[in-house]
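Examining the three-dimensional arrangement
Read off the chains here:
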Amino acid sequence: MRDAFIEELTDIAAEDPNLILITGDLGFGVFDDFSKNFPNQFLNVGVAEQNMTMVAAGMAMEGKKVFTYSIGNFPTLRCLEQIRNDICYHDLNVTIVSIGGGFSYGQLGMSHHATEDLSIMRALPNLLVTAPSSILEVKRLTQELYESSCPSYLRLDKSHAKGPKKASSIQLGKALKIREGKDLTIISCGGILHEAIKAADLLEKEGFDLRILSMHTIKPLDHYSIDEAVKETGGIITLEENNILGGLGSAVAEYCLTSNQIPNFFHRIGIKDEYSSVVGDQNFLRDYYKLGSFEIVRAIKSLLQK
Amino acid sequence: MFKNIDTSELAKRIRLHAINMTMLGGSSHVGSVLSMADILAVLYGKILKINPKDSNWKDRDKFILSKGHAGAGVYAVLAELGFFPVDLLKNHYKNGSIFSGHVSHRGVPGVELSTGSLGHGLGVACGLAYASKLDRKEKKVYVLLSDGECDEGSNWEAILFSSHHKLKNLVAIVDYNKIQSLASVEETLNLEPFVEKWEAFGWKVIDIDGHNHQEIEKALMVNSEKPKCIICNTIKGKGVSFMENNVLWHYRSPKGEEYERAVKELNNA
């Protein structure tokens, strides 16, 4: 995902000298071409995320279109108040990019696991919140967030799921149908959507026909696709590599209950309000914390066979 | 820049507005406004290239009040200079008003940045100054900090950044009245040697009397290849004898006799 983001951003930078990329001293080797080709559009502020975010706000006030970049929680939680007060309240054209969504940096430990960012960023007014699942979604959303001129958050992941063949089907604020189905809908975001596809493949052999939506834009949430899923498939399971409180599952649940689009059954899969302390790579930790395809299959069977 | 402005008169009017506004709304921080009134008067009256008829003029200088709790002072000076009618100041701190206790830009022409949480202004000023430098624009960025605010680590990130990038279009002004929220700066978290700290971080530092208009103007006019910090030695509550150097007036709003006495003292000054 990271390489796709940089590729897309480099293309945009070539067209728009007001595009600025700021890093908080992370991305070894990743920005070599960008910084060589566009030295005036690249800035490494050092290990200083609060200042990175404030500088981004100031530059956006002067008409720049700024992307801030770091890993895990550094560009989000470390400087949360700067995002809230300086970027969001002033409605500035800044996109905050974090590489390392969920357990991407598995073995590095809890400090590097971005597992509450979706919940927390979602709570900030004016902020668009995105977590693409596939490479093509990363590219398309990078472009769309740049064009949107709104404060926004782009959560990138080390893993990715198989996505669509054409970028034209990807639209900010619109869920992407990855797979048609009529028995139940899995709504997911981020690379973990891959686990949903694996689960759907396994269950297909047992006669279950599952729909999968990539809800790459968590805010604003695509209500229409949820309505459709409730009407046409009856049940919803949400899947996210994030705390179960406040993230994608919460957003879908809030919408369903307040709009009276009540599914026949509803289940959320996410991290169960705990910190990770076990060492492991992303796949290991997904299984350990019961977010993997096995857990999805188990949950769906239990729901559909009730 | 404004012509023929009597900065002493402007400072007096900022102070009188501050007394009125804090009395009417029952708000805090009158001491913090009185402390910086002279700085605001010289900055707005003599230095800033701004236009009240076009508050979004793209080539304007930028002023950020990082010590947002003294927002009443900025509303007052903007009203005095014609950014909006003076009469609106009576709405400060009132239900339904746009003039919040900590300065907010929404709906208020001339306010560049909403602040209130300390340690935000200088970093945003760095971004403004860096962008102007990239665009080879002449405009300058001024940011006014409180002394207590310098406890915030985010400022020191921005202080490092400014000198590293040689932001000579950036001016930080510290209202060094030596009293913070609960007690003196010295007792709370000592900043001394303050001048030497800024110098060690690569800034041009000018240490002045923050109530002497000539000194303020002269310091603001000094050219430097480095970012410039003007340490303004001030008196919290300046201009009202019973508020001067008294931490109580960080929070208390003047009422009844206190109000009458404060207005009388300022008018007779």
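Note that the structure is predicted; figures quoted are calculated from it, not measured. (Residues numbered from 1 in each chain as written. Chains lettered and ligands numbered in written order. Predicted model: local features only at pLDDT ≥ 70, side-chain atom pairs only at ≥ 80, totals over all residues.)

As for the environment of Lys62(B)
Residue and element names in this part refer to chain B. Threshold: Each helix corresponds to a stretch of at least 4 residues labelled H or I by DSSP, and each strand to a stretch of at least 2 residues labelled E; elements are numbered beginning at the N terminus. With C-beta atoms placed from the backbone, a contact is any residue pair whose C-beta atoms sit within 7 Å.
Looking at the element boundaries, lysine 62 is found in strand S1 (residues 62-65). Considering only alpha carbons, one finds lysine 62 and lysine 140, 78 residues apart in sequence, at a separation of 6.4 Å. Those residues within four positions of lysine 62 in sequence are excluded, and the remaining contacts are Glu112, Leu128, Lys139 and Val141.

Considering helix H8 (residues 223-233) of chain A
All names here are of chain A. For clarity, the threshold we go by: Buried residues are those with 20 or more other C-beta atoms within 10 Å of their own C-beta, exposed residues have 12 or fewer, and partly exposed residues lie in between; C-beta atoms are placed from the backbone. Think of it as the arc spanned by the lines of direction from the helix axis to the C-beta atoms.
Residues of H8 that are buried include every one of Ile226, Ala229, Val230 and Thr233, and no others. Looking down the long axis of H8, one finds its buried residues gathered within 110° of arc, a one-sided arrangement. Opposite the packed face of H8, turned more than 90 degrees from it, sit the exposed residues Tyr224, Lys231 and Glu232. Each element contacted by the buried residues of H8 is listed here: strand S8 (184-188), strand S9 (210-214), strand S11 (235-243) and helix H9 (248-259). Within two residues after H8, glycine 234 carries a phi angle of roughly 80°, on the positive side.

So, the interface of chain B and chain A
Frequently, the measure chosen for interface size is the accessible area that the parts lose on association. We apply this condition: Residues are sorted three ways: Asp, Glu, Lys and Arg are charged, Ala, Val, Leu, Ile, Met, Phe, Trp, Tyr, Cys and Pro are nonpolar, and all the rest, Gly among them, are polar.
Taken together, the contact between chain B and chain A spans 17 residues of the former and 20 residues of the latter. Breaking the side of chain B that touches chain A down by element, the ones donating at least two residues are helix H4 (121-134) and helix H5 (153-164) of chain B. Of the residues forming the side of chain B that touches chain A, the biggest block, 10 residues, is contributed by H4(B). When grouped by side-chain class, the residues that make up the side of chain B that touches chain A number nine nonpolar, seven polar and one charged.

What about the domain arrangement of chain A?
All names here are of chain A. Put simply, the test is: As used throughout, domain bounds are those supplied by an automatic or database domain assignment.
Structurally, chain A comprises domain 1 (2-156) and domain 2 (167-304). When each unit is reduced to the centre of its C-alpha atoms, the spacing between domain 1 and domain 2 is 25 Å. With 29 residues of domain 1 at the contact, the number on the domain 2 side is 35 residues. At the level of secondary structure, the elements contributing two or more residues to the side of domain 1 that touches domain 2 comprise helix H5 (117-122), strand S5 (128-130) and helix H6 (135-148). Per-element accounting of the side of domain 1 that touches domain 2 gives the leading share, seven residues, to H6. Each residue belonging to the side of domain 1 that touches domain 2 can be placed in one class, and the counts come to 11 nonpolar, 11 polar and seven charged.

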